[in-house]
Amino acid sequence: MKRALPLGNVKKMIDWTQFATEAPRISEIFRRRHAATAKLCLLATIRSDGSPRISPIEPNIFEDQLVLVGMPGTTKFRDLDRDPRFCVHTATTDPYVGEGDAKLWGSVVNLQDKEFHHRFTDELFRDQGLDLRGDEFDPFYVGDIASASSVELEDNRLRITIWKPGEGERAVFKN
């Protein structure tokens, strides 16, 4: 028999505002690279045999949530159904990371909130002309961000910035 966790032990999901407040440098790099590549990122999931899978995805930051939705029934979403852990990596176009890049790790939650879906599809239609208004979404994944990192060139050194909830950002430099 499963025991319910005491309310005090329930983990609060990390939303985008909390992440951006605690990790301003990483979130800024993520937003900048996300915009520069027409929102294209790479999504890492775990296959049923335990090996990794890399798939393209166009995540959105909407109403304080990292939204990871796409074509239903794809292998990447079947992976997330089975194991909710993910990594999203901004598309790197420069081998010297002059523009920087960022990675977000966490797990997805299937948010079944029809009003949220409605507002999201309205925004998607306004921004991109993609008309999914009235569609049903199951799953509709939002990310609970558990850690993040970014890489950028600073003063001819590689700056790696790392974040975990409640710990703030810390930087490591490599020559």
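See the structure printed just above.
Residues numbered from 1 in each chain as written. Predicted model: local features only at pLDDT ≥ 70, side-chain atom pairs only at ≥ 80, totals over all residues. Heavy atoms only, no water.

Enquirer: Looking at this structure, how should I read the pairing of strand S7 (residues 141-154)?
Expert: The side chains of a regular strand alternate between both faces of the sheet. Counting buried positions along S7 gives eleven out of 14 residues, so the element sits mostly inside the fold. In this structure, strand S4 (residues 65-68) lies alongside S7, joined through three bridges in antiparallel fashion. By the bridge assignment for S7, Leu-68 is matched with Tyr-141. In this sheet, S7 lies alongside strand S6 (residues 101-110) in antiparallel orientation, the contact comprising ten bridges. Residue pairing in the sheet places Gly-106 in a bridge with Ile-145 of S7. In this structure, S7 lies alongside strand S8 (residues 157-164), joined through seven bridges in antiparallel fashion. Within the sheet, the bridge partner assigned to Ala-148 lies in S8 and is Trp-163. Hairpin connection between S7 and S8: a loop of two residues separates the two successive antiparallel strands, and Asp-155 in this loop has a positive phi of roughly 50°. (Buried < 20%, exposed > 50% of the residue type's maximum accessible area, 1.4 Å probe, protein only. Helix = DSSP H or I, 4+ residues; strand = E, 2+ residues; numbered from the N terminus. Pairing = 2+ DSSP bridges.)

Enquirer: Sorry if this is basic, but what is going on with the environment of Phe-116 here?
Expert: Here Phe-116 is to be found in helix H4 (residues 114-128). Residue class for Phe-116 comes out buried when judged on its relative accessible area of 5%. Remark: the alpha-carbon pair of Phe-116 and Tyr-96, spanning 20 residues in sequence, is separated by 39 Å. In this structure, Phe-116 is in contact with Phe-62, Glu-63, Gln-65, Val-67, Leu-111 and Phe-140, ignoring residues within four places of it in sequence. (Contact = heavy atoms within 4.5 Å.)

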